[in-house]
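# A look at the structure
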Amino acid sequence: MALVQKRPYSETTKTIQVENVEPPKKKIKIQLKGSERSFAALLKRLESSSSSNETLQILTEISDTPNFYDLSLDAVKFLVNMFRKEKDFIRVKILYLMSDFAIDHAIDACSLLEDILILMKSEESSKVICQSFNSIFNIGQSGQVISQAIYLRIIEFAKLKLSSTNYNVQRHAIKIIGAFASKEDAEKELMLLVSHYMDSPDARTRAQAINSILCMGNRSIQLSQTLYARVEKHLKDDYECVRKEALQLVFEISQRHPEFNVKLLQGNDSEIRIRLIDDAFGKVCSAISDLSMQVRAQAAELLGQMKQVNNEFLFQTLDKKLMSNMRRKKTSHERAFENFTSGEWSSGRKWADDAPQELINTESISLIDSGACGALVQGLEDEFLEVRMASVNSMCNLALNNPPFAELSLDFLVDMFNDEIEDVRLQAIYSLTKISEHIILREDQLEIMLGSLEDYSVEVREGLHLMLGACRVSTRACLTLVVQKVLDVLSKYPQDKLSAFGCMNKVGSKHQELCMSLTPQLIQDHPFFDSAEKDVEDPAYVCVLIMLFNAAKNMPPMLSLFPDIILKHYAYLRDTMPNFVPYLPVRNQTEMTLVGTTGSQQFLRTLLSNIEATYFVKTARQSLLQAAQENLSRLASIDPELSGTANFTRDYLGAELLMEQLQINLMTHRVPSKESLNQLINKCLRLQNLFNNLTPEDHLLVKQICIRASALNLVLVVKDKSQSALQPCQLLLHVASDVLEFLKQNPNLSTDLFTKSILSYLETVSDPKPGRVSRGILPVVQSSNYLPNSLSLNFNIKMCTARIIEPDEAMSNENVIKVTAGLIAALPIHAEIEQLQESQRENLRIKIKYPDQNIHVVMPRLRDLKRIIGENGNEMLNSWRLRTNILLSHGIWTEPSQVDISICLSVKPSNELELCKPVKVIFSPKPIRKGI
């Protein structure tokens, strides 16, 4: 059943607000009726309030009101005068309101800060003073310009309150100094002053002192290396908040002074010097053993950012030695590697195969804190997933720039494939993908990896396909193991075939020699007897062919190993899936190549120049515009690099054509069809919402064509008199306001004559009623003496598109979805969306159109929309994968019929822009079976 939206009783209206300023311009503003209140009325209620509780209620009401139409600095002065005679909790609320006035209502920040500083001169309540500091901090972060004199007064006020006996007041004063101290004052005295409070008896004060030093460091204030010795002792503080701040400060100092030498004491009271970055690395490693999960997670995350550490110290994070009576005991990884290299396994007859063999000298202990030994390994074994995730990320970041460390960390990352949490397994898979260029997989490691291919999670399976395609294996046996496992899992999860195809594509291109040696075995080619022809639609067989064809691309001798039937299958697969099967120089095969990007660009330039040349020949121009749209659609389909530019140009020219046709209807007094008007508005919405990487000039062209379309739409609707013109009028005012705001942000751009005329007229209208606005802009719309905007080609434009992978329309025609009428059937949806901005995620919709023209629009859950992981293991920008289920339901049908399913972008109520062609599925609601 179609959803019908009722008309609300309170509608939004748009008015034009006149401001008497120089130059005399008026501002177009959209205003909600009843959304603003009078601040003066609330002040009168405050004057007549009889109790503190009633005053507090009124102040709370002021705080909850978003807009006041009469709020000014003079009105705020009333609260300042009221402040001195009220109780503590009322004074706290007034100070809170003063910060709200600066942030939400743009009241002058300097005046508010001066009032607060004057009020605090004689204040004795610690609660009120703390709130004053909070208000000062919030006002300072509001973005308004504050004079240097005010800053100096704030710092002096904070320094004065540092002598308070109340630790809460001290903490807030330190926070203000850290946020507002200038670079000169901080480096002279304030940094030293704040550092004294790192030894405060109060834990919150110690933590705030360290945090304020960090804040000053983040504002490019020099952090002295002498602070390192003072702050490192706080890494063992009793309070978690202090340890967290100290850990961050140790990291920041080490990044700013990595080569500074610090002194360390040995056991015999001798001194030795070590780089500060190496010593800080050991301190951060020790924090992996902290009692607090938050501190352990923070330490594990910071380790990945310390990339200037010497390899000697870095490798010890993976060296978690097992000790037995001061003898070194081999780890399971070392025993497995020795067994793998020797080619034999323990028979069980030898006693104590893992007995310690190496004596350790008690005096040869590393200078690094014992917590640094095996720190990352300990993080990987932590009981909390946050710590394990941070450890995996850090190990990956350190391995990216250090190939020897990548080889050592491989075993530990492979072990994380067996983690109980899916997110940790995925992170380990993506980390191995990122460092794939530094590693070669062994057979014993592959066995653990391939065991995860049977995971129930489709994301884990696809991540493993991506990882296997990025990594290299060492032997023929490893490659055979990979192929067999991928094919076995594909038979269990046939929906993974596209991911498996991509995996075998990369595996073949990276292992040409190994694939060549396995070719007879994989295609099962007998040297004397002909084998039966295999089904070219079998996904397992296609996987093998894709791998061999991609290997043959860089290994031409492989072509001689292919029998004739394989070459026939190559021709078929090359035509049906060219993104997986490369071109091979086989007989009777010719490669069709495009002219290239340069030829496409020249075609676009020629097309636009021809259109501009036919401006004064209306008949030829319209036919040329119609043909140009078809040519641009074709160009977008055959040249993916320029598809965004071609589609943008097509929609722009389509809007031009529709406006010219509608203007002819206006001049000949013919009533235009609603379909033409809807098409014009749809074109404008597409130009506004579906294209990325637009230049400011492109944005201006879009806004100008939108204001032309809105003006023409209003005139035609008013002339038609068969529908309300209120909404078209509001649309025109909204577009005009948007253009004015855009021109304000880009003062170097200028509009065309039509836009200037429309904006000039709207600025003179005091009461923008639809009829009045239509009559005023009618002469501008009817005039045909203005030239259309010349479109400058931008070859970097990208268009938001979608591709529905599941359901597959070819398979859906064979599989009928049957359900009892009135009940629901769940249909899995798998789609990929390209160039979807982060801000547009919540606007993504799935549209379901039934044969009776009923349309249901479904909003998918945000957790079902995830970013696509690229070949390097990183998230792809503006690329998303949608996996969700939609519910189909309907009454009784006499026969199965097609239901259209498409991905859309909702830009405003009841207006969805389709991102792909609808996929048709066969749906058959059956009558209820009666019992016997």
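Residues numbered from 1 in each chain as written. Predicted model: local features only at pLDDT ≥ 70, side-chain atom pairs only at ≥ 80, totals over all residues. Heavy atoms only, no water.

Of the regular secondary structure elements, the protein holds 36 helices and 21 strands. With 932 residues in all, the protein has 48% of them scored as buried. By sequence separation, contacts in the protein at least 24 residues apart represent 71% of the contacts at least 6 residues apart. A total of about 47700 Å² of accessible surface is found on the protein, and carbon and sulfur atoms cover 51% of it. (Helix = DSSP H or I, 4+ residues; strand = E, 2+ residues; numbered from the N terminus. Buried < 20%, exposed > 50% of the residue type's maximum accessible area, 1.4 Å probe, protein only. Contact = heavy atoms within 4.5 Å. Areas by Shrake-Rupley, 256 points an atom, 1.4 Å probe, with all protein chains shown as cover.)

This part covers unusual backbone geometry. In this model, E806 is joined to P807 through a cis peptide bond whose omega is 10 degrees. By secondary structure assignment, the location of P807 is in the loop between β12 (801-806) and α36 (809-812). Even without being a glycine, Q835 presents a positive backbone phi close to 60 degrees. Structurally, the position occupied by Q835 is in the loop between β14 (825-834) and β15 (844-849). The exposure class assigned to Q835 is buried, which follows from its relative accessible area of 18%. Residue Q853 is not a glycine yet carries a positive backbone phi of 70 degrees. If you trace the backbone, Q853 turns up in the loop between β15 and β16 (855-858).

With that settled, the discussion passes to the packing of aromatic side chains. All told, the structure shown has nine aromatic pairs when counted by the stated rule. With centroids separated by 5.7 Å and ring planes inclined at 85 degrees, the aromatic side chains of F549 and F562 adopt a geometry described as edge-to-face. Taken together, the residues F549 in helix α26 (residues 539-553) and F562 in the loop between α26 and α27 (564-576) connect sequence positions 13 residues apart. With respect to burial, F549 and F562 carry one shared label: buried. Members of the aromatic cluster, joined through ring pairs, are F549, F562 and Y570. (Phe/Tyr/Trp six-rings, centres within 6.5 Å; stacked < 30°, edge-to-face > 60°.)

Before going further, it helps to spend a moment on the sheet that holds strand β18 (residues 875-888). Reading across the sheet, the four strands line up as β12-β14-β18-β17 and stay open at both edges, with antiparallel pairing between neighbours. Whereas interior strands pair on both sides, the edge strands pair on one side only; in this sheet they are β12 and β17 (865-869). Averaged over neighbouring strand pairs, the angle between their axes works out to 35 degrees when direction is ignored. (Pairing = 2+ DSSP bridges. Axes fitted to C-alpha atoms, helices over the stretch in contact; angles between N-to-C directions.)

Mapped onto the secondary structure, T55 falls in helix α2 (residues 52-64). Given the relative accessible area of 2%, T55 is considered buried.

Another aspect to go through is the pattern of salt bridges. Scanning all chains against the criterion turns up 40 salt bridges. Note that R867 is salt-bridged to E838, the shortest N-O span being 2.7 Å. With R867 in strand β17 and E838 in the loop between β14 and β15, the pair connects residues that are 29 residues apart, well separated along the chain. On the basis of relative accessible area, R867 is assigned to the partly exposed category, the value being 25%. One salt bridge connects K920 with D900, and the closest N-O pair in it is separated by 3.0 Å. Placement of the pair is K920 in strand β21 (residues 919-926) and D900 in strand β19 (residues 897-908), with a sequence separation of 20 residues. Looking at K920, the relative accessible area reads 26%, which means it is partly exposed. (Salt bridge = Lys/Arg side-chain N within 4 Å of Asp/Glu carboxyl O.)

Turning our attention to the state of the cysteines. Summed over the entire model, instances satisfying the criterion amount to zero disulfides. Of all cysteine sulfurs, the one in C916 lies closest to C904, which takes part in no disulfide; the gap is 7.3 Å. What makes C904 buried here is its relative accessible area of 0%. (Disulfide = S-S within 2.5 Å.)

Between its first and last C-alpha atoms helix α18 (residues 385-400) spans 23 Å; for 16 residues at 1.5 Å apiece the expected length is 22 Å, and the two agree. If you check which residues of α18 are buried, you get V387, R388, A390, S391, V392, S394, M395, C396, L398 and A399. The secondary structure elements touched by the buried residues of α18 are α14 (293-303), α15 (311-315), α17 (375-380), α19 (403-415) and α20 (422-434). (Expected span 1.5 Å × (residues − 1).)

Turning to the nonpolar core, a few remarks are in order. Core analysis: the biggest nonpolar cluster contains 181 residues, and I62, L79, F101 and L432 have the highest contact counts within it. In terms of residues, this core owes the most to one element, α26, which gives eleven residues. Among all residues touching I62, those that are not within four sequence positions of it are F39, L42, L46, F68, L97 and F101. L666, C684, L714 and W893 belong to the second-largest nonpolar core, a separate cluster that totals 95 residues. (Core = buried A, V, L, I, M, F, W, Y, C linked by side-chain atoms within 4.5 Å.)

Right, let's talk about the pairing of β15 for a bit. Of all six residues in β15, five are buried, a share of seventy percent or more. Pairing analysis gives four bridges linking β15 to β16, with the strands arranged antiparallel. Bridge assignment links K849 to a residue of β16, and that residue is I855. In this structure, the hairpin formed by β15 and β16 is closed by a connection of five residues, where Q853 is found at a positive phi of approximately 70 degrees.

Moving on, we come to the pairing of strand β13 (residues 817-820). On a regular strand, each side chain points to the face opposite its neighbour's, so the side chains alternate between the two faces of the sheet. In β13, alternate side chains face the same way, and those of I817 and V819 are buried while those of K818 and T820 on the opposite face are not. In the sheet, β13 pairs with β21 via four bridges, with the strands oriented parallel. Bridge pairing in β21 places I817 opposite F923.

Here we come to the packing of α20 against helix α22 (residues 458-470). It is at 9 Å that the axes of α20 and α22 come closest, and there the two elements cross at 15 degrees. With respect to each other, α20 and α22 are oriented roughly parallel. Crossing hand, α20 versus α22: left-handed. When α20 is examined against α22, the residues E422, R425, L426, I429, Y430, L432 and T433 are found in contact with a partner set consisting of E459, V460, G463, L464, L466, M467 and A470. Taken together, the residues that form the contact of α20 with α22 break down as nine nonpolar, two polar and three charged. (Parallel < 35°, antiparallel > 145°, perpendicular 65-115°, else oblique. Left-handed = near helix turned anticlockwise from the far one by under 90°. Nonpolar A, V, L, I, M, F, W, Y, C, P; charged D, E, K, R; others polar.)

Within the protein, residue pLDDT values average 83, and 87% of them lie at 70 or more. With pLDDT under 50 throughout, residues 1-35 is counted as low confidence; its partners more than four residues away or in other chains account for 47 contacts. Ignoring residues within four places in sequence, the model shows residues 322-329, a span with pLDDT below 50, making 23 contacts including any to other chains. (pLDDT = per-residue confidence, 0-100.)

Its location among the elements puts I176 in helix α8 (residues 167-180). By relative accessible area, I176 is classed as buried at 1%. Once the C-alpha coordinates of I176 and I155 are considered, the two residues, 21 residues apart in sequence, prove to be 7.4 Å apart. Leaving out residues up to four positions away in the same chain, I176 has contacts with F133, I136, F137, I154, I155, A158 and A181.

This next bit is on a negative patch on the surface. Side chains of E533, D535, E537 and D538 sit close together on the surface and give a patch of like negative charge. With relative accessibility at 58%, the residue E533 sits in the exposed group. (Patch = residues over 30% accessible without salt bridge, like charges linked within 9 Å, V, L, I, M, F, W, Y side chains within 5 Å. Lys, Arg positive; Asp, Glu negative; His and termini not counted. Charge placed at Lys NZ, Arg CZ, Asp CG, Glu CD.)

Assignment of secondary structure puts Q255 in helix α12 (residues 240-256). Along the primary structure Q255 and A280 are separated by 25 residues, whereas in three dimensions their C-alpha atoms are 9.5 Å apart. Not counting the four nearest positions on each side in its chain, Q255 is found in contact with I277, Q305 and M306.

To continue, consider the packing of helix α31 (residues 674-689) against helix α32 (residues 696-720). The relative placement of two packed helices comes down to the angle between their axes together with the axis-to-axis distance. Where α31 contacts α32, the axes come no closer than 10 Å and their chain directions differ by 160 degrees. Here α31 lies roughly antiparallel to α32, going by the angle between them. Taken as a pair, α31 and α32 cross one another with a handedness that is left-handed. Residues L677, L680, I681, C684, L687 and Q688 of α31 pack against V702, I705, C706, A709, N713, L716 and V717 of α32. For the contact of α31 with α32, the class distribution of residues is eleven nonpolar, two polar and no charged.

Moving on: the side chain of R650. Mapping R650 onto the fold places it in helix α30 (residues 643-667). In terms of polar contacts, R650 uses its side chain to reach the side chain of S633, at 3.4 Å. Filtering out sequence-adjacent residues up to four positions away, R650 remains in contact with Q629, L632, S633, R686 and M799. (Polar contact = N/O pair within 3.5 Å; in protein donor to acceptor, adjacent residues only side chain to side chain.)

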